[in-house]
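# Remarks on the overall topology
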Amino acid sequence: MDLALSPAQAAFRDEVRAFLRDALPEHLRHGARLTSGVFVEPDIGREWQAILEARGWLVYHWPRDAGGPGWTPIQRWIFEKECAEAGTPALPGMGLKLVGPVLYRFGTETQKAEYLPKLRNGEHFWAQGFSEPGAGSDLASLRTRAVRDGDHYVVTGQKIWTTQAQFANRLFCLVRTDPEVKPQRGISFLLIDMASPGVTVRPILSASGDHELNEVFLDEVRVPVANRVGDEGQGWTIAKFLLDNERGGSSFGPQLIADLARLRALAGPFEGELVTRATRLALEAEALEMTELRTLIELEAGTPPGPRTLVTKLIASEIRQGIDELAVDAFGLAGLQLPAERPFYGADVPAPVGSRDAQIAAGRYLNSRAWSIFGGTSEIQLTVIAKNAVGL
Amino acid sequence: MDLTPSDEQVMLGDMVRRFLADRQNTANMGRGPIPRDDWRALGELGLFSFLLPETAGGMGGRPQDAVIIAEELGRSMAITPLAETVLLCAGLIARRGSAGQIARWVQPVMQGEYILAYAGGGAIRYDGACLDGQTHIVQHGMDASAFVVALPERQGAVLVSAAADGLTRTPVRLADGTVAAEVRFDAVAADPLEATANDLDTAIAHAELATIAEMIGTMTTLYEQTVDYIQQRRQFGVAIGSFQVIQHRAARLFVMLEQSRSMMLKAALVEEDERIRMVTAAKAYVADAALRLAQDATQLHGGMGVTDELPVGRGHRRLLVLSHLFGGALAARARLAS
Ligand SMILES: Cc1cc2nc3c(=O)[nH]c(=O)nc-3n(C[C@H](O)[C@H](O)[C@H](O)COP(=O)(O)OP(=O)(O)OC[C@H]3O[C@@H](n4cnc5c(N)ncnc54)[C@H](O)[C@@H]3O)c2cc1C
């Protein structure tokens, strides 16, 4: 056993580090630091996306035959670790992390040719239309109907919690094509142009005052049958593939470790109880990083990852929430300010009391409660762990 | 020993609840401070004079009366400056102020005309006549007609009119939608108040107790909303409240609330010489429980919990602020330990 990077891996790390030093503009680092929401602000995310695409590293987690750089799992980890330490923005995830892999795995050649380039160059900004008012944890009970009419589906229903739908021009969507069969069997996966007649987006404000969430109403929206990914009824299989990527497609540990170190630098040195809390969080993050690394090392060696991968999103949520609560406490009274203007790096936000980092703490705290809810709640994660890992 | 509220206390609670029920509903509760007219109306009901000492023309309400009012405010998430204005500032002036100071500042508070704010931190200098420097965040500071400013090392306090020459303030919006202020003093004439550090600590304890009761009220509402929600919300063909995991979580909320209420009651009922320590203990306990409860209430609401649309999200914001006032649980635990 050996944890050290090989000479080739170390050289790769240096290459990534050198690239980030030159290519990451200060305003993007600043914007990433001052993002209060759970998801990257599109202006920042898009600019970073273009920089990475120019270097050929945007779809670093895609396989080579799908257009990726052909990196091994450890190379991907090294890249993510370096990005976390450098403080890069996140990437607009719904497209690159979620629908992209679905397309190269399940899409037709025509769909790949049509959608993958536009996803990469940012022309298409995607939103995820899975959840519905009546179908959250119980996703398979979704009711949005797609009725076949010649070479179109006519789609009617309502999606909710649709992150950044206000910016999106494309929606990938689970719809019910067959109400007669077992719920999981009657679901299909459609790609919908948000400009289609019958699509309406209504904002949902978060308790933090951020606008990330939306309701999307679909009223007899005509969607070409050619926009269905996979077979009719294959939607559930595709959704499971996608949700696995959502929960475990990239590593959480490096980002959490970097964020905690950043908080320590900005709000520290901690005193009293804060020291204990920061230490606990640091330990948990260190363990998580190693847990993730174990899986990646096994993957690299060709061993299929076991149920251990289920642990990561659950633990990452708890650490994230712990860090954001620690920040509020560390900034004291200044950690209670919450201006209404967004984004925090924008010109409209009033001067902060203390620092911008203090000014953003309460919003972050409120938003990060969502971590244990989206992409499968922690209760559901624990049930899956009990079933699949513990064997109950 | 007797924990039965008196008839007067029951009436007091009912009166406040009825008053608020007409004005607060699930659509607006906890969105921000209640309208100034409602605050004035509460003053006209006699609520504030009821809480202030008889020597200042009040009715000598006790801490156990104050918590009844504050809990009702918390229950309907009516955000007010009751703790800071009535219990802390007006309470201190009523006990330690001159007749002139009482007439000038306490009387208008009783009528709901004035809001007073307390500036307890920052970099302040006082030369016996004039005040210089800048405060930290002052709750309700933009609405205040005057400030009680604690002097360095809490060597007494001074009174400053918000209209005084040389006073400027910058608004700071807080997580609960209230607008606090950073206040700057540039050779501002200040009116000294004969108050010792202990007088200040006592006044703060009375105010902090009210914020603890307010937390209990809001926690109760979040608890009730959550219990309702898990009975209504159906997933997998059943109410989510039928899952044992959810039942145990809800049961924990009940336990937390009972324990918190016990601490609040004890802090309200102890003898005056134990008040400061017991309020600190209650704060340390309840502030922690409040956030845990708010977080669980959010979690059990799923996506709905993180929105601005339900009282649960707004209650969470208010509890975030209340739990951190006066140094929050961290400072309270540190004080208890020392
Ligand atoms: C910030 C954010 C962004 C999101 N973005 C998107 C998006 O872009 N696209 C999209 O489609 N969806 C999105 N979601 C939706 C998310 O996937 C759902 O919120 C999630 O699946 C939970 O569903 P729900 O909100 O209906 O909660 P519910 O399923 O109603 O759950 C409520 C509570 O009950 C518990 N519960 C439910 N079932 C069980 C059970 N069987 N056993 C034990 N406990 C149970 C839950 O854990 C939770 O605590 C987002 C959500 C959030 C908060």
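Counting of residues starts from 1 at the beginning of each chain's written sequence and follows it residue by residue. All chains are assigned letters beginning at A, and all ligands numbers beginning at 1, according to the order in which they are written. Owing to the predicted nature of the model, reporting of local features is limited to residues with pLDDT of at least 70; listing and counting of side-chain atom pairs is limited to 80 or more, with chain, interface and lining totals taken over all residues. To obtain the side-chain values, all non-hydrogen atoms of the structure were included, while hydrogens and water were left out.

### Observations concerning helix α12 (residues 361–368) of chain A
The buried label goes to any residue with under 20% of its type's maximum accessible area, the exposed label to any with over 50%, and the partly exposed label to all in between, with areas taken from a 1.4 Å probe on protein chains only. Labels follow the DSSP assignment, with helices taken as runs of H or I lasting at least four residues and strands as runs of E lasting at least two, numbered in each case from the N terminus. With seven of eight residues buried, α12 of chain A lies mostly within the body of the structure. Turning to α12 of chain A, its buried residues number three or more, namely A361, A362, G363, Y365, L366, N367 and S368 of chain A. The elements touched by buried residues of α12 of chain A are α10 (310–331) and α11 (356–359) of chain A together with α9 (275–300) and α10 (311–324) of chain B. Note on definitions: a residue-residue contact is assigned when non-hydrogen atoms from the two residues lie within 4.5 Å.

### Some thoughts on helix α11 (residues 328–337) of chain B
Residues and elements named next belong to chain B. Turning to α11, its buried residues are G328, A329 and A332. Across the axial projection of α11, the buried residues extend over an arc of 120°, all falling on one side. Residues of α11 that are buried sit in contact with α9 and α10. Each direction from the helix axis to a C-beta atom contributes to the arc, which is the arc of those directions.

### What about the packing of aromatic side chains?
Put simply, two rings from Phe, Tyr or Trp (the six-membered ring, in Trp's case) pair if the centres are within 6.5 Å, and we call them stacked under 30 degrees between planes, edge-to-face over 60, tilted for the rest. Counting across every chain of the model gives 22 aromatic pairs over all chains. Note on F19 of chain A and W57 of chain A: the rings are 4.9 Å apart at their centroids and 70° apart in plane angle, and the pair reads as edge-to-face. Note that F19 of chain A is positioned in helix α1 (residues 7–23) and W57 of chain A in the loop between α3 (42–55) and α4 (73–86), a separation of 38 residues in sequence. Clustering of aromatic rings is evident, with ring pairs tying together F12, F19, W57, Y60, W71 and F79 of chain A. Here, a charge over a ring means that NZ of Lys or CZ of Arg falls within 6 Å of the ring centre while also lying within 35 degrees of the ring normal. One Lys or Arg, R148 of chain A, reaches over the ring of Y153 of chain A and ends 5.7 Å from the middle of that ring. The aromatic ring of F19 of chain B is capped on one face by R23 of chain B, whose charged end is 3.8 Å from the ring centroid.

### Points about the interface of chain A and chain B
The partner chain B presents 34 residues to the 38 residues of chain A that form the contact. Buried area, as used here, totals the accessible surface that two parts lose on assembly, with accessibility defined by a 1.4 Å probe and the loss added over both. When the two sides are added together, the surface that chain A and chain B hide from each other amounts to roughly 3100 Å², 60% of it contributed by carbon and sulfur. On the chain A side of the contact with chain B, L333, L336 and E379 of chain A bury the most area, a combined 19% of that side's loss. A pairing counts as a salt bridge when a side-chain nitrogen of Lys or Arg comes within 4 Å of a carboxyl oxygen of Asp or Glu. Between chain A and chain B we count four salt bridges in total. Note that E379 of chain A and R249 of chain B form a salt bridge whose closest N and O atoms lie 2.6 Å from each other. Here a polar contact means two N or O atoms within 3.5 Å. Within protein one must be a hydrogen donor candidate and the other an acceptor candidate, and residues neighboring in sequence count only if both atoms are side-chain atoms. Counting every contact that joins chain A to chain B gives 20 residue pairs in polar contact (both at pLDDT 80 or more). Only β6 (199–204), α9 (273–300), α10, α12 and α13 (378–390) of chain A provide two or more residues apiece to the side of chain A that touches chain B. Amino acids outside the nonpolar list (Ala, Val, Leu, Ile, Met, Phe, Trp, Tyr, Cys, Pro) and the charged list (Asp, Glu, Lys, Arg) are all regarded as polar, and Gly is one of them. Each residue belonging to the side of chain A that touches chain B can be placed in one class, and the counts come to 22 nonpolar, eight polar and eight charged.

### Side note on the domain arrangement of chain B
Residues and elements named next belong to chain B. Domain ranges listed in this record stem from an automatic or a database domain assignment. Domain boundaries in chain B define domain 1 (7–110), domain 2 (116–195) and domain 3 (198–337). For domain 1 and domain 2, the distance between their C-alpha centres works out to 22 Å. Across the contact, 21 residues belong to domain 1 and 19 residues belong to domain 2. Interface area lost by domain 1 to domain 2 is led by C89, Q101 and W105, which between them contribute 31%. At the boundary of domain 1 and domain 2, one finds zero salt bridges. Across the domain 1-domain 2 interface, the total number found is four residue pairs in polar contact (both at pLDDT 80 or more). When contributions to the side of domain 1 that touches domain 2 are tallied by element, the ones reaching two or more residues are α5 (82–96) and α6 (99–110). Per-element tally for the side of domain 1 that touches domain 2: the top contributor is α5, with eight residues. Taken together, the residues that form the side of domain 1 that touches domain 2 break down as 10 nonpolar, six polar and five charged.

### Examining the nonpolar core
We define a nonpolar core as any set of buried Ala, Val, Leu, Ile, Met, Phe, Trp, Tyr and Cys residues linked to one another through side-chain atoms lying within 4.5 Å. If you look at the biggest cluster of nonpolar residues, it comprises 125 residues, and the most contacted ones within it are I69, L82, I93, M215 and M219 of chain B. Ranked by residues supplied to this core, first place goes to helix α7 (residues 197–232) of chain B with 15 residues. Counting 57 residues, the second largest nonpolar core, distinct from the first, contains F12, W77, A140 and L191 of chain A.

### Quick look at the sheet that holds strand β5 (residues 157–161) of chain B
Note on sheets: strands pair through backbone hydrogen bonds, and any given pair is parallel or antiparallel. Residue and element names in this part refer to chain B. Across the sheet, four strands lie side by side as β1-β4-β5-β8; this open sheet has mixed pairing. Both outer strands of the open sheet, β1 (116–119) and β8 (191–193), are each paired with one neighbouring strand and no more. Between one strand axis and the next, the sheet turns through 25° on average, direction left out of account. Think of each axis as a best-fit line through the C-alpha atoms, taken over the contacting stretch in the case of a helix, with angles from 0 to 180 degrees between the N-to-C directions. Lying on the sheet, α6 is in contact with β1, β4 (146–150), β5 and β8; it crosses β5 at an angle near 70°. Only strands joined by at least two bridges in the DSSP assignment are considered to pair.

### Quick word on the environment of P339 of chain A
Secondary-structure assignment places P339 of chain A in the loop between α10 and α11. Judged by relative accessible area, which is 5%, P339 of chain A ranks as buried. Linking P339 of chain A and P350 of chain A, residues 11 residues apart in sequence, is a C-alpha distance of 7.4 Å. With residues near it in sequence (within four places) discarded, P339 of chain A still touches F344, V349, P350 and Q359 of chain A together with R173 of chain B.

### Brief notes about the domain arrangement of chain A
Residues and elements named next belong to chain A. In terms of domains, chain A is made up of domain 1 (7–101), domain 2 (126–234) and domain 3 (245–390). For domain 1 versus domain 2, the distance between C-alpha centres works out to 29 Å. Each side of the interface is counted separately: domain 1 has 11 residues, and domain 2 has 11 residues. Counting the surface lost from both domain 1 and domain 2, the interface buries some 910 Å², and carbon and sulfur atoms represent 63% of this.

### Comments concerning the sheet that holds strand β2 (residues 122–126) of chain B
All names here are of chain B. The four strands are arranged β2-β3-β7-β6 in an open sheet whose pairing can be described as antiparallel. Strands with a single pairing partner mark the edges of an open sheet, and in this sheet they are β2 and β6 (167–173). Between one strand axis and the next, the sheet turns through 15° on average, direction left out of account. Sheet analysis places β6 next to strand β7 (residues 179–189), joined by seven bridges and oriented antiparallel. The residue bridging P171 from the neighbouring strand is A181, located in β7.

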